[in-house]
Amino acid sequence: LPYLSKHPENTVPDRFPFMFNLVLSVRPMMPVPTSFDVNIVFNDDEGKTCSGMLEPISVLFDDLFLPVTFPGHLRQEFPRSRAHLLVRLFNAMWIRAALPNLGIPAAHEIPRMEGSASVKTLDITRESMLRVLEKEMEAFLVKDDDSDGEDDSTSNMELLQEEPVEGSLPAICAIVFLPPRYHLLLKFFVCEYFTVIRIRTDHWRSLAYLDNFFAGVVR
């Protein structure tokens, strides 16, 4: 930091030491949680050079969650809404991430990425789970808000004809971008007293962090 003022703006003037809001940009090489120490060097308003250490900074797994974005040329090529593009992307990646032993019809005809799959069950009521999804996963939910009644199989969330969980609502789907280039796909089958989550990803190590993530959001 080049300079810290003795009386910075947007701080409590009677408080010492002052509290500064610092924005730290990170560029993940792999989507894994981590923590690191931070050294700080700055000049004060008397021209002195000061140095010290900040508290360790932790990056949680869900801190890496980002919504999927589309390049401009793709939006021009498919002029329908972002919601429609998300549906197409989710269905395509869900099939491509299928493992051979999952029994997905025609999956062998689609170029397959290195995918991994898992299933998790949460003991949580339907009302509580829907609140969790609205609060924690709203930015990542896949919704076909652009449906115009056309017979377009790529916009059909039941494209894979998976067997639903008995007593559940229709599957609630979510897609998460994990920088620098991976994805997490989830299907939530919300029942009255529990939820089944079917998971696929192109980064198998990320499956190890989902237990802690879901344990934190359903508390």
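Our structure is the block above this text.
The structure presented is a predicted model; accordingly, all values stated were derived computationally and were not measured. (Residues numbered from 1 in each chain as written. Predicted model: local features only at pLDDT ≥ 70, side-chain atom pairs only at ≥ 80, totals over all residues. Heavy atoms only, no water.)

A. How the structure looks around the pattern of salt bridges. Summed over all chains, the structure comprises two salt bridges. Between Glu138 and Lys143 there is a salt bridge, with the nearest N and O atoms lying 2.9 Å from each other. (Salt bridge = Lys/Arg side-chain N within 4 Å of Asp/Glu carboxyl O.)

B. Quick look at helix H3 (residues 126–136). Among the residues of H3, those classed as buried are Met129, Val132 and Leu133. Along the axis of H3, the buried positions cluster into a sector of 95 degrees, meaning they face one direction only. For H3, exposure combined with an orientation more than 90 degrees from the buried face picks out Glu127, Arg131, Glu134 and Lys135. On its buried face, H3 is in contact with strand S3 (116–122), strand S4 (172–178), strand S5 (182–190), strand S6 (195–201) and helix H4 (210–217). (Buried < 20%, exposed > 50% of the residue type's maximum accessible area, 1.4 Å probe, protein only. Helix = DSSP H or I, 4+ residues; strand = E, 2+ residues; numbered from the N terminus. Arc of directions from axis to C-beta. Contact = heavy atoms within 4.5 Å.)

C. Structural context of the nonpolar core. Counting residues in each nonpolar core, the largest one holds 24 residues, and the members touching the most others are Met137, Leu186, Phe188 and Phe214. Of all elements in the fold, only H3, S4, S5, S6 and H4 reach the threshold of two or more residues within this core. When residues of this core are assigned to their parent elements, the largest contribution, five residues, is made by S5. Non-local contacts of Phe214, meaning those with residues more than four positions away in its chain, are made with Lys120, Leu122, Leu186, Phe188 and Ile197. Val87, Phe90, Trp94 and Ile175 belong to the second largest nonpolar core, which has twelve residues in total. (Core = buried A, V, L, I, M, F, W, Y, C linked by side-chain atoms within 4.5 Å.)

D. Structural view of the pairing of S5. Of all nine residues in S5, nine are buried; the element is thus mostly enclosed. Burial along S5 is two-sided: Tyr182, Leu184, Leu186, Phe188 and Val190 facing one way and His183, Leu185, Lys187 and Phe189 facing the other are all buried. The pairing of S4 with S5 spans seven bridges and is antiparallel. Across the sheet, residue Ile172 finds its bridge partner in S5, namely Phe188. (Pairing = 2+ DSSP bridges.)

E. Quick look at the sheet that holds S5. One open sheet holds the four strands; their spatial order is S3-S6-S5-S4, and the pairing between them is antiparallel. On the outer flanks of this sheet lie S3 and S4, each paired with one strand and no other. For this sheet the average axis-to-axis angle between neighbouring strands, irrespective of direction, equals 20 degrees. The pairing of S5 with S6 spans seven bridges and is antiparallel. Looking at S6, one finds that Phe188 is bridged to Ile197. Relative to S5, H3 is tilted by about 155 degrees, and along the sheet it contacts S3, S4, S5 and S6. (Axes fitted to C-alpha atoms, helices over the stretch in contact; angles between N-to-C directions.)

F. Seen up close, the side chain of Lys120. Looking at the secondary structure, you find Lys120 in strand S3. Once residues lying within four places of it in the same chain are set aside, the contact partners of Lys120 are Thr195, Val196, Ile197, Ile199, Asp211 and Phe214.

G. Layout of empty space enclosed by the protein. The final tally for this structure, using the stated rule, is one cavity of 30 Å³ or more. The computed volume of the largest cavity comes to approximately 30 Å³. In this structure, the largest cavity is lined by Met129, Val132, Leu133, Glu136, Met137, Phe188, Phe213, Phe214 and Val217. When contributions to the lining of the largest cavity are tallied by element, the ones reaching two or more residues are H3 and H4. No other element matches H3, which puts four residues into the lining of the largest cavity. Considering only residue class, the lining of the largest cavity consists of eight nonpolar, no polar and one charged. (1 Å grid on protein atoms, 1.4 Å probe; cavity = no way out; pocket = protein on both sides within 12 Å on 5 of 7 lines; lining within 4 Å. Points joined across faces, edges and corners; volume = space filled by probe spheres on them. Nonpolar A, V, L, I, M, F, W, Y, C, P; charged D, E, K, R; others polar.)

H. Quick look at the packing of aromatic side chains. According to the stated counting rule, one finds seven aromatic pairs in the structure shown. Between Phe213 and Phe214, the ring centres sit 5.1 Å apart and the planes meet at 55 degrees, which makes this aromatic pair tilted. Per residue, the accessibility class of Phe213 equals that of Phe214, and both read buried. Taken together, Phe61, Phe65, Phe140, Phe188, Tyr209, Phe213 and Phe214 form an aromatic cluster joined through their ring pairs. The ring of Phe189 is capped by Arg198, whose NZ or CZ atom sits 4.6 Å from the centre of that ring. (Phe/Tyr/Trp six-rings, centres within 6.5 Å; stacked < 30°, edge-to-face > 60°. Lys NZ or Arg CZ within 6 Å of the ring centre and 35° of its normal.)

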